[in-house]
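Working through the structure, step by step
This is what each chain is made of:
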Amino acid sequence: MSRNDALLAARLRVGWRSAETAAAQLTERGRRFLDDRHFNVSPRTWRRWEGPRPGWPSEETALVLHDALGRWPEQLGFTPPPGWLRPGHQEQAIVPDAGFLSVTAPALMPGPLSPQQVDPALIDYFQAQLEGHYRADMLLGPHDLIGTLGPQYQLIDKLTRSATGETRRGLLRVGAAYAALIGWLYQDAGDLAAAAFWRGVTQEAALRARDPHLVGYAMVNSAQVRTDLGDGAGVVDLCEAALSDDQVVPKIRIMALQQQAHGASLVRHSGRAEVDRLIDAAGRLLPRVDDELPWGNACRRTPGYLEVQRATCYGRLGLGEEASGLWEQVLAVVPASARRDRGVYMARHATAAATARRPEQAVEIAREVATVAVETGSARMRRELSALERVMRPWHDAPVGRDLLEALAPVREGSWRDGREGTAVGGRDRSRARERAGLAAGG
């Protein structure tokens, strides 16, 4: 073998076209990753690595190579010395694909890392940014934010490893909130596997912080994923567990009760009465929400929050007239600036109208939703439009059915174009998520 083709292929895969570029990029990456401004890889060293006898990098360099290229040295053409074990004694032979690595990397940073002094004021700094991220999510949708929040979580995790006492617990709490938001972004992008991973990260951080409110919040977050998976029993189990702790603040109880209503709407024997009971119980708690926790504030921030949940459950139960009337009330108060959420609600309204045998109204609503779906890239919205197509099948051969196909053409065109170009979302191929959650051709 005249050269190390594995390392050459790996650097070309990430866009490093020369040894000089690769050395400079790895040096910069290593200084950030190790928090060591003296870390350095020269072009000469990189060229030797790509030669027939690349030698073996130091353990720190091995960590940086893995962080940058998603591969350990023995997977990059280096010959491991006798007794070599990967950091953390990870001896598995199975190598996760690049997509999985990009999703999990911010939460799986090998350690320990270089210790540093952690100022408690950093907790307030990260908390202050959360509200801005929540607002940006409403305005932008998931794809532009995933890549921003991942590195921020990685920094919080890094600081947590050096912090002690209450500072450590505070960073764990804020880290859990960031992980929850990342999980939500992946869920909105249609990637339930990534969402489930980050919901698990949220739960771990909440347990380590020993915060009962945050543990309850994490369980409700996991229940949201179970809702999208159609697992009504799983949703109910998680929400009942969250409600079993009498210490949790009213806000968490509201979240658990409304999510349990979604679970009830998936368990067919429950029906409307159980949904109404749970939503009404949550409504009685709304005046008692007075905590200052920076996360889980949708019940304060979202106009008509509980009626949104009730209307969604009614639609799932096939109560078209009732759901349609509620969506009209909700959409009258949801601001145009909440473009992504408003689009999801309108798509559900269209489906309710079709269920109520008003196909023309459904198509009229769908025309506006299609534009928003393409602009935001929300897989939730595409999934709702797919549900609309299923409900509209009785009119498939009628003029109104052809009107629906025309209205949704931009959404299909957007899905095809993204699948061809493979637009990345936070380092992940967005087309794969859209293939799972987007519209199927022909309804």
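Structure first, text after, so check above.
This section reports on the structure supplied with the text. (Residues numbered from 1 in each chain as written. Predicted model: local features only at pLDDT ≥ 70, side-chain atom pairs only at ≥ 80, totals over all residues. Heavy atoms only, no water.)

Before going further, it helps to examine the side chain of D341. Along the chain, D341 turns up in helix α17 (residues 339–355). The class for D341 is buried, based on a relative accessible area of 12%. Among the polar contacts listed, one links the side chain of D341 to the side chain of R340, at a separation of 2.8 Å. In this structure D341 touches M138 and R380, once residues within four positions along its chain are discounted. (Helix = DSSP H or I, 4+ residues; strand = E, 2+ residues; numbered from the N terminus. Buried < 20%, exposed > 50% of the residue type's maximum accessible area, 1.4 Å probe, protein only. Polar contact = N/O pair within 3.5 Å; in protein donor to acceptor, adjacent residues only side chain to side chain. Contact = heavy atoms within 4.5 Å.)

Before going further, it helps to spend a moment on the side chain of S265. Residue position: S265 is located in helix α12 (residues 250–266). Looking at S265, its side chain comes within polar contact range of the side chain of R316, at 2.6 Å. Excluding residues that lie within four positions of it along the chain, S265 makes contacts with V275, C313, R316 and L317.

Attention shifts here to the pattern of salt bridges. Following the criterion strictly, the structure yields 25 salt bridges and no others. Here R47 ties to E20 by a salt bridge, and the two come within 2.5 Å at their closest N and O atoms. Of this pair, R47 sits in helix α3 (residues 43–49) while E20 sits in helix α2 (residues 19–34), and the two are 27 residues apart along the sequence. For R47, a relative accessible area of 44% puts it in the partly exposed group. R348 serves as the salt-bridge partner of E384, at 3.0 Å between the closest nitrogen and oxygen. Pair noted here: E384 is in helix α19 (residues 379–391) and R348 is in helix α17, with a separation of 36 residues, a long-range link. (Salt bridge = Lys/Arg side-chain N within 4 Å of Asp/Glu carboxyl O.)

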